[in-house]
Each structure stands twice: as structure tokens, then as C-alpha cells.
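One-letter residues, chain by chain:
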Amino acid sequence: LGVCYKKCGLLTNGEFMHRIAAATCCKTGGLGCMDLFNDITNKAFDVGGGDGPDGVAHLPEPPPDADAAPSPSQAPTVVVNAPVVVPENLEPAEHRHDGNLCGDNEELYAGLCY
């Protein structure tokens, strides 16, 4: 039942990095957020991140199906004695295997994507 929201750090220019509610962000995280001077609430923070429709909070994207067989157009082509070319940056645009079910500009908190 998780919902994806835009990251608080992006909404507050890095000043309030931790989301504690749909429209509330906190400076410190953890129990420090019980101090209201560490929190900021704004209805503009209740906005979806990633590719959600019209900026509305949305459900996390499902993980890619690892068990599905590749279609013929996706089947690998084997080339014998071909030179190996390794790109400089092997890091993917999104980190699908980092345990975060949300997009890269979102964070998981209490089972919800913010």
C-alpha cells in the first residue's frame, strides 16, 4: 500500500531531508522530528515524484520480471572474437537493486515512497 512522493530534500533544497508525513519534512530524522522546530509542513510537499501522473503521489513501480524469458528481439547475439568495449560509467540511471522500491528521486519511509 506504499505511495511514492517527491523527496523532501528536493523540495526544500536539502534543508529538510527526511519525510515524516505526506506534507511534512524534518531536518534531523528519527526522534529529533518530534521537535516541531525541526519540521516544516506545506501542502506543496504532498506531491508525487518520479513518473507519476500530473505530479500526484503514486504506487511504486513494479520490479522488472527477472523470471521472464527474453523475447526474440531481446535475445543476446553471440559474437566470437569480438573486442570487449566497456563504457566508462556502468552505473544505471535507476538503482533497481538497492532495496528502494521507489524512483531515484524518492525515498522509502514507513513502507511508503516519498
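Residue numbers run consecutively from 1 along every chain, following the written order of its sequence. In keeping with the predicted nature of the model, local features appear solely for residues at pLDDT of at least 70, side-chain atom pairs appear and are counted solely at 80 or more, and the whole-chain, interface and lining totals rest on all residues. Side-chain calculation: all heavy atoms of the structure are included, whereas hydrogens and water are not.

Kindly report on the overall build of the protein chain, identifying the contributing residues and their values.
Scanning the protein chain from N- to C-terminus turns up one helix and five strands. Secondary structure elements follow DSSP: runs of H or I no shorter than four residues count as helices, runs of E no shorter than two count as strands, and numbering proceeds from the N terminus. Each helix (α) and strand (β) of the protein chain, taken in turn from the N terminus, gives the series α-β-β-β-β-β. Each residue is assigned to one of three classes by its accessible area relative to the maximum for its type, calculated with a 1.4 Å probe on protein chains only: buried under 20%, partly exposed between the two thresholds, exposed over 50%. Taken over 114 residues, the protein chain has a buried fraction of 23%. Throughout, a residue-residue contact means that at least one pair of heavy atoms, one from each residue, lies within 4.5 Å. Partitioning the intrachain contacts of the protein chain with sequence separation of at least 6 by distance along the chain shows that 47% fall at a separation of at least 24.

Just give me the short version of unusual backbone geometry, but keep the residues and values in it.
We note that N13 has phi near 55 degrees; this positive angle belongs to a residue other than glycine. For N13, the location among the structural elements is in the loop between α1 (8–11) and β1 (18–21).

Before we move on, can you summarise the sheet that holds β1 with the specific residues and values?
DSSP calls a pair of strands paired once it identifies at least 2 bridges connecting them. Spatial ordering of the open sheet is given by β1-β2-β3, a layout of three strands whose pairing is antiparallel. One side of each edge strand has no neighbouring strand; the edge strands of this open sheet are β1 and β3 (39–41). Taking the axes of each pair of neighbouring strands and ignoring which way they run, one obtains an average angle of 30 degrees across the sheet. Note that β1 and strand β2 (residues 24–26) share three bridges and pair antiparallel. Looking at β2, one finds that A21 is bridged to T24. Simply put, an axis is a line fit to the C-alpha atoms, just over the touching stretch for a helix, and the angle between two N-to-C directions goes from 0 to 180 degrees.

Can you lay out the pattern of salt bridges for me, pointing to particular residues and giving the numbers?
By definition, a salt bridge exists where a carboxyl oxygen of Asp or Glu is found within 4 Å of a side-chain nitrogen of Lys or Arg. In total, this model carries one salt bridge according to the counting rule given. E15 is paired through a salt bridge with K27; the nearest N and O atoms lie 3.9 Å apart. Of this pair, E15 sits in the loop between α1 and β1 while K27 sits in the loop between β2 and β3; the two residues are 12 residues apart in sequence, bridging distant segments of the chain.

Go over the state of the cysteines, please, and point to the residues and values.
Defined by distance alone, a disulfide is two cysteine sulfur atoms within 2.5 Å. Within the structure shown, the criterion is met by two disulfides. A sulfur-sulfur separation of 2.0 Å characterises the disulfide bridge that pairs C8 with C25. Disulfide C8 to C25: torsion about the S-S bond roughly -75 degrees, handedness left-handed. Taken together, the positions of C8 in helix α1 and C25 in strand β2 put the pair 17 residues apart, joining distant regions of the chain. For C8, a relative accessible area of 0% corresponds to the buried category. The side chain of C26 participates in a disulfide bridge whose partner is C33; the two sulfur atoms lie 2.0 Å from each other.

Can you break down the environment of H58 residue by residue, with the values?
Tracing the backbone through its elements, the reader meets H58 in the loop between β3 and β4 (108–109). Expressed as a C-alpha distance, the spacing of H58 and L112, which sit 54 residues apart in the sequence, is 9.9 Å.

Explain the confidence of the model for the protein chain to me, using residue names and the numbers behind them.
Summarising the model, the protein chain shows a mean pLDDT of 75, and 61% of its residues fall at 70 or more. pLDDT expresses, on a scale from 0 to 100, how confident the predictor is about each individual residue. Of all the helices and strands in the protein chain, β4 carries the lowest mean pLDDT, 74, while β3 carries the highest, 95.

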